[in-house]
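# Commentary on secondary and tertiary structure
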Amino acid sequence: MKNRIVDANFPRTLDQRVYHLGLRAGEVANRIITLGTPSRAHGIASYLDPTPTPFTLTSERGFTTITGRYKGTPVSIVSIGMGHPNADFFVREVRECLNGDMVVVRLGSCGGLIDVPVGTVVVPKASIAVTRNYDFDFVTGHSEQQPYRTSKPVFADSALHDAVVDSLNRTRPSSVATPIVDHTLNASADSFYSSQGRQTSFPDHNADLIDRLMSEHKDLATFEMETFHILHLASCWHFEAHGPSKEAPPLTRDATAPSIYPAHPPSTQSDIPDVATSAVGHKPLRPPPRIRAAAAQMVFASRTSQDFITPQEVASIEAWTGRAVLEALVGFEIEPDRLHEEKGSVWEIKESDLSQTVPR
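Sequence order sets the numbering: in each chain, residues are counted from 1 along the sequence as written. Local features in this predicted model are restricted to residues of pLDDT 70 or higher, and side-chain atom pairs are both shown and tallied only at a pLDDT of 80 or more, whereas totals for entire chains, interfaces and linings draw on every residue. Excluded from the side-chain calculations are hydrogens and water; all other atoms, namely the structure's heavy atoms, are used.

Here, axes are lines fitted to C-alpha atoms. For helices the fit covers the stretch in contact, and angles between N-to-C directions go from 0 to 180 degrees. The way it works is that DSSP assigns letters per residue, a run of H or I at least four long becomes a helix, a run of E at least two long becomes a strand, and they are numbered from the N terminus. Helix 6 (residues 311-330) packs onto helix 3 (residues 158-171) with a crossing angle of 130° between their chain directions and a minimal axis gap of 8 Å. Our classification of the angle between helix 3 and helix 6 gives oblique. Two packed elements cross with a definite hand, and for helix 3 against helix 6 that hand is right-handed. Here Ala163, Val164, Ser167, Leu168 and Thr171 of helix 3 lie close against helix 6, whose contacting residues are Trp320, Thr321, Ala324, Glu327 and Ala328. Looking at side-chain class alone, the contact of helix 3 with helix 6 contains six nonpolar, three polar and one charged residues. The cut-offs work like this: below 35 degrees is roughly parallel, past 145 is roughly antiparallel, 65 to 115 is roughly perpendicular, and the gaps in between are oblique. In this scheme, a crossing is called left-handed if the near helix is turned counterclockwise away from the far one by less than a right angle; it is called right-handed if the turn is clockwise. Only heavy atoms enter the contact rule, under which two residues are in contact if any of them lie within 4.5 Å. Residue polarity follows a fixed list, in which Ala, Val, Leu, Ile, Met, Phe, Trp, Tyr, Cys and Pro are nonpolar, Asp, Glu, Lys and Arg are charged, and the others, Gly among them, are polar.

Here you go:
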């Protein structure tokens, strides 16, 4: 049976867990890597400090969150699956679990539209959305409209973009020969097939889509399905602090639906945070908090040569880029009053843990 839901506008369970990711305050940190697959999340999590034991939660909807510390700094790794809708769940629900700033790097696979080898890592400066035009007549192909629409570009946070590029260059193993390409444009599509110009038995009218996009955007380099929406939400989110709620949170507590690994208990923070206030003292943050976002994309498929990356290459590239993004995040400054409260969180280091904490 589902947990009782408190509010249909922004659903939470009675113990204040957001509906799709299953998280509550104190279980996701301000610095976040988001990616598609749980296996990649667990691989990157192997770099986290042993103390405190990383917290792992898998929601009923398939989102996996791993939160711990890397070199002493709290970080979260969140596996969200594919596409704009899942990216929307991720950004909106994590945002409501956090005080202060939210710093996100999307680490994912992509298709390469420029002549670079598979395994290349691309750090785009901006992204456009490519969406199927549902008003186009896909049955007959006779329409005054184009079958696909493109948006204006939305830009990554420039400082975070540069931090990711710098970290990738500093940490690249000598065994990795593929290039790092930055300051390009990404296209995020609403489909793996039609909106990325792939041919199937469906009448998608997309044979010239890639050529059209490349002619309109000379710096276009990659295709995937998540980056635009994350950058878009980050760029348009502006929120001021509000007064304390007149409604007390529900006192009843039900068992939580998510699967939480027994190695680490859940957060004991039960209040819903006012995201625009400091965690300590609950004072309005000035300037208001921000969502800062960037992306690093691993070319798994070349749309020019039709090459596809091998499993061995995937393992090597993921190991390097995962550590590089962790390094970029922990080196990215967030002022202390713009961080979520540590007390009661899953990354809190208790006195009994201090002697065991050895950052790697």
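Moving on: the confidence of the model for the chain. In regions of low pLDDT, the predicted coordinates are not meant to be interpreted in detail. Of all residues in the chain, 91% have pLDDT values of 70 or greater, and the mean over the chain is 90. Known as pLDDT, the predictor's confidence for each residue is given on a scale from 0 to 100. In this model, residues 241-256 is a region of pLDDT below 50 whose contacts with residues beyond four sequence positions or in other chains number 22 contacts.

Another aspect to go through is the packing of aromatic side chains. The pairing test for Phe, Tyr and Trp rings, Trp by its six-membered ring, is centres within 6.5 Å, and the orientation test on the planes gives stacked under 30 degrees, edge-to-face over 60, and tilted for anything in between. Applying the stated rule across the entire model yields four aromatic pairs. Seen from their ring centres, Phe63 and Phe89 are 6.2 Å apart, and the 90° between their planes marks the pair as edge-to-face. Of this pair, Phe63 sits in the loop between strand 2 (55-58) and strand 3 (64-70) while Phe89 sits in helix 2 (residues 84-95); the two residues are 26 residues apart in sequence, bridging distant segments of the chain. When accessible area is computed with a 1.4 Å probe and restricted to protein chains, residues below 20% of their type maximum are described as buried, those above 50% as exposed, and intermediate ones as partly exposed. Overall, Phe63 belongs to the buried group, its relative accessible area being 2%. Centre to centre, the rings of Phe192 and Tyr193 are 4.9 Å apart; their planes meet at 85°, and the pair counts as edge-to-face. Residue Phe192 is classed as partly exposed on the basis of its relative accessible area of 38%. An aromatic cluster of at least three residues, connected via ring pairs, comprises Phe136, Phe138 and Tyr148. Remark: a charge is flagged as sitting over a ring if the NZ atom of Lys or the CZ atom of Arg is within 6 Å of the ring centre and within 35 degrees of the ring normal. The ring of Phe138 carries Arg132 above its face, with NZ or CZ at 3.8 Å from the centroid.

On to helix 2. Take the number of residues in a helix, subtract one, and multiply by 1.5 Å to get its expected span. The end-to-end C-alpha distance of helix 2 is 16 Å, a good match for the 16 Å that twelve residues give at a rise of 1.5 Å each. Along helix 2, the positions that sit buried rather than exposed are His84, Ala87, Asp88, Phe90, Val91, Glu93, Val94 and Arg95.

When a carboxyl oxygen of Asp or Glu is within 4 Å of a side-chain nitrogen of Lys or Arg, the pair counts as a salt bridge. The full count for this structure, using the stated rule, is 16 salt bridges. Salt-bridge contacts for Arg24 lead to Asp15; the nearest nitrogen and oxygen are separated by 4.0 Å. A relative accessible area of 12% places Arg24 in the buried class. Measuring nitrogen to oxygen at the nearest pair gives 4.0 Å for the salt bridge that ties Glu27 to Arg24. Among the residues examined, Glu27 registers a relative accessible area of 0% and is labelled buried. Taken together, the shared-partner salt bridges connect Asp15, Arg17, Arg24 and Glu27 into one network.

Looking now at the side chain of Thr65. Among the secondary structure elements, Thr65 is positioned in strand 3. Of the residues examined, Thr65 reaches a relative accessible area of 0% and is grouped as buried. Once residues lying within four places of it in the same chain are set aside, the contact partners of Thr65 are Leu23, Glu27, Phe55, Thr56, Leu57, Ile77 and Val78.

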